[in-house]
Amino acid sequence: MDRTQGQSGRDEQAAGGPGTPSSASASAAAPASTGQAPAPSGPAGPARVVTLTAGDFTLTVNPVDGSEIEPLRPGTERGRPAKRDAAARAVRDAAARPPVLPGSPISARPLLARGEELERLVRLLGRGRSVRLTGPSGSGRSALLDAVAARCAGLAPDGVVRISGYGHQQPGELLHALYATVYDAPRERPERDELLARVRDIGAVVLLDDLEMGGSALDELLRATPECAYLLAATPDTKAPSDDSHVEEVFLTGLGREDCVALLEAGLGRPLTDEETAWAGDLRFASEGLPLRFVQAAAMLRQRDELNHSDEDDDEEEPGVFEERPRDSGVVPLPTLAEGAAPAALLASRVSESARAALRIACALGGELPHHAHLPALVGDTHADTAVAELLDCGLLTPVGTRYRLAAGVARQLEDVGYGDTASEEARTAARHYAWWTGHASVVPERVGREADAVLAALAGADVVAAAVLARTAAPPSRPRCTGRPGSGCCAREPRPRARPGRSPSRRTSTTNWVCSPCARGVSTGPAPSWRPRSGCAARWPTSGAPWRAGGRWRWSWTGRSLERRPRRRCAWKPPRPPRRP
């Protein structure tokens, strides 16, 4: 069943029409209590005009009158931005991490059998060397980066900088991310020469997780920041650095048998039985000792204990006389070795219904999981925001930057058991919800930027209609250029009084179509646009800046405050002649 039925008001409001959001969706539109930037205080208008500086140009994003780009005016150039202090860097680093999740707190997992690698990484980074940490998905690379960040806090003058390299295969975006983290330069994107000059002065320990590039691209990143020491976390299939980069290599292997048992006991909260210990040894051989597999195995054992305890509680009750079906007194067995190697299907079958619905949404969005504040509206359950913590505790999710994604191999395992059958419907539901949310007046652009990966995934997976509504709502409109032809889009409908001075506007003439005077090329008298009523020539503006004409000797022009009577000028524009037939 399509959960978007009865929610047409969202699309109408996103497109500019009337509409009132439902109570479930309003929780997603309101600023989240954790991990989200608070909305500005005071009444929020429907327009969000933002001015950005990109190189030598000023970009004005205006959803009402259209966006425009123009060169920087003399005297408005910004000076060199200052670097963030330690407190500002701590706030920035906290904002770059995944948000705190509602629900029961997740216990911290111990870092086992990584002491030797940790000491070597800290020693190499202290010498200013760059290191590439290579390990398969699920080997604990991100957990080791957290431990390195705690040990290297006061090692460099600009501190420790954490950057996510997921989806970035070129060094340019990583340099801009490094610049925005170290320098206090909001809404500014310098050009390449200025960017290289500023990042050259950065001296920090850069922890780059989920690296997806190597070779010459990685060499360019290292040459641009000679004062930085990098810790690059990558998988074995990532392209290796060149021989001239002088990057050290550290490999992560699987855990030993005793460490796997200790990780299982830490996640389970009790000692293992002899049967469970033997099962853990077989699982360690099948999974090559990856810590992620044992985090998921601990979740399977916890679910098994809960099912067995619930059966014991049912057995204590006295059965009724008219009970039709005899109770099953069997005990839930241990998972098989195949289920332990691919545990996503078994774990998903034992979580809550809201968590299973969130997994379907993540499969439809290519592994991207929306922010937990959006799940009540997408799932239809007011308590669905706690599903993210439940899935993270089971090892089905992994943090990537400021968001969560399905862990390695989980999407394929879930699609094999039918979680991808409703992908088109789930993507359509997400696209319609994001179309309403991005057009809400209380949602600031920074929040949309944090949710950009899920929005783009919904845009790619939805149907044409839902994708078009989302694209028109999320993307800022550009100011249309007058082409001198009817229907060129240069006219805007604005209610303006059309009565002569000294007379009150009548009901018949109080609202009409108006044309923005910048389209007339030279008619505007100041920086603020003036408006004038449409005449017979307004539908065919001259393309060469020639004066326009209309019937009568006088015209009434709206200047923003009052109507003025001005003489008309004759229009030299003529329609083109049709081609002569041979």
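Residues numbered from 1 in each chain as written. Predicted model: local features only at pLDDT ≥ 70, side-chain atom pairs only at ≥ 80, totals over all residues. Heavy atoms only, no water.

Draft legend 1. Region of interest: the overall build of the protein chain. Scanning the protein chain for helices and strands turns up 21 helices and 17 strands. The burial tally for the protein chain puts 42% of its 582 residues in the buried class. Considering only intrachain contacts with a sequence separation of at least 6, the fraction spanning at least 24 residues in the protein chain is 68%. About 31100 Å² of surface is accessible on the protein chain, with carbon and sulfur atoms providing 52% of the total. (Helix = DSSP H or I, 4+ residues; strand = E, 2+ residues; numbered from the N terminus. Buried < 20%, exposed > 50% of the residue type's maximum accessible area, 1.4 Å probe, protein only. Contact = heavy atoms within 4.5 Å. Areas by Shrake-Rupley, 256 points an atom, 1.4 Å probe, with all protein chains shown as cover.)

Draft legend 2. Representation of the confidence of the model for the protein chain in the model. When the pLDDT values of the protein chain are averaged, the result is 77; 70% of them are 70 or greater. Note that pLDDT drops below 50 for residues 4-46; the model gives that stretch 69 contacts with residues more than four away or on any other chain. (pLDDT = per-residue confidence, 0-100.)

Draft legend 3. Fine view of the packing of aromatic side chains. Counted under the stated rule, the structure contains two aromatic pairs. Here tyrosine 179 and tyrosine 183 contribute two aromatic rings whose centre-to-centre distance is 5.1 Å and whose plane-to-plane angle is 35°, an arrangement assigned as tilted. This pair shows no difference in class: tyrosine 179 is buried, exactly as tyrosine 183 is. Between the aromatic rings of tyrosine 434 and tryptophan 437, the centroid separation amounts to 6.1 Å while the plane-to-plane angle is 65°, which identifies the pairing as edge-to-face. Here the residue tyrosine 434 and the residue tryptophan 437 both occupy positions in helix α18 (residues 423-438), the gap between them amounting to three residues, near one helical turn. Tryptophan 437 shares its class with tyrosine 434; the two are buried. (Phe/Tyr/Trp six-rings, centres within 6.5 Å; stacked < 30°, edge-to-face > 60°.)

Draft legend 4. Fine view of the pattern of salt bridges. For the structure on display, the rule yields 24 salt bridges. Among the salt bridges present, the one from glutamate 188 reaches arginine 198, with a minimum N-O distance of 3.4 Å. Of the two residues, glutamate 188 sits in strand β6 (residues 188-189) while arginine 198 sits in helix α7 (residues 192-199), which places them ten residues apart along the sequence. Arginine 302 is the salt-bridge partner of aspartate 393, the closest N and O atoms lying 3.4 Å from each other. A residue pair is termed long-range when its members are at least 10 positions apart, and aspartate 393 in helix α16 (residues 387-393) and arginine 302 in helix α11 (residues 291-316) qualify at 91 residues. Assessed through its relative accessible area of 27%, aspartate 393 is described here as partly exposed. Accessibility expressed as a relative area gives 21% for arginine 302, which makes it partly exposed. (Salt bridge = Lys/Arg side-chain N within 4 Å of Asp/Glu carboxyl O.)

Draft legend 5. Highlighting the sheet that holds strand β5 (residues 160-164). In spatial order, the strands read β5-β7-β8-β4-β9; together these five strands make up an open sheet with parallel pairing. A strand with exactly one partner marks an edge of an open sheet, and here the two such strands are β5 and β9 (248-251). Averaged over all neighbouring strand pairs, the angle between strand axes comes to 20°, with direction disregarded. Direction of pairing for β5 relative to strand β7 (residues 205-209): parallel, over a ladder of five bridges. Paired with valine 160 across the two strands is valine 205, which belongs to β7. Taken strand by strand, helix α4 (residues 115-126) contacts β4 (131-134), β7, β8 (229-234) and β9, and its axis lies near 165° from that of β9. (Pairing = 2+ DSSP bridges. Axes fitted to C-alpha atoms, helices over the stretch in contact; angles between N-to-C directions.)

Draft legend 6. Representation of the sheet that holds strand β11 (residues 397-400) in the model. Strand order in the open sheet formed by three strands is β10-β12-β11, and the pairing between neighbours is antiparallel. Every interior strand has two partners, whereas the edge strands, β10 (368-369) and β11, have only one. Bridge count between β10 and strand β12 (residues 403-406): two bridges; the pairing is antiparallel. Bridge pairing in β12 places glutamate 368 opposite arginine 405.

Draft legend 7. Spatial organisation of the nonpolar core. Counting residues in each nonpolar core, the largest one holds 66 residues, and the members touching the most others are Leu264, Leu359, Leu396, Leu397, Leu414 and Tyr434. With residues near it in sequence (within four places) discarded, leucine 397 still touches Leu369, Val388, Leu391, Leu392, Tyr404, Arg405, Leu406 and Ala407. (Core = buried A, V, L, I, M, F, W, Y, C linked by side-chain atoms within 4.5 Å.)

Draft legend 8. The side chain of arginine 132, seen in detail. Residue placement: arginine 132 occurs in strand β4. Within the structure, arginine 132 has its side chain in polar contact with the side chain of threonine 134 (distance 3.1 Å). Among residues more than four places away in sequence, those in contact with arginine 132 are Leu232, Ala234, Thr235, Thr238, Lys239, Ala240, Pro241, Val247, Glu248, Glu249 and Val250. (Polar contact = N/O pair within 3.5 Å; in protein donor to acceptor, adjacent residues only side chain to side chain.)

Draft legend 9. Spotlight on the environment of valine 122. Topologically, valine 122 is positioned in helix α4. In this structure valine 122 comes out as buried when scored by relative accessible area, which is 15%. The spacing of valine 122 and alanine 147 is 25 residues in sequence and 9.7 Å in space, taken between C-alpha atoms. For valine 122, the residues in contact, after removing those within four places along its chain, are Arg151 and Cys152.

Draft legend 10. Spotlight on a negative patch on the surface. Together, Asp56, Glu77, Glu191 and Asp193 give the surface a local cluster of negative charge. Summarising the element assignment, glutamate 191 is placed in the loop between β6 and α7. Using a relative accessible area of 36% as the deciding quantity, one classes glutamate 191 as partly exposed. (Patch = residues over 30% accessible without salt bridge, like charges linked within 9 Å, V, L, I, M, F, W, Y side chains within 5 Å. Lys, Arg positive; Asp, Glu negative; His and termini not counted. Charge placed at Lys NZ, Arg CZ, Asp CG, Glu CD.)

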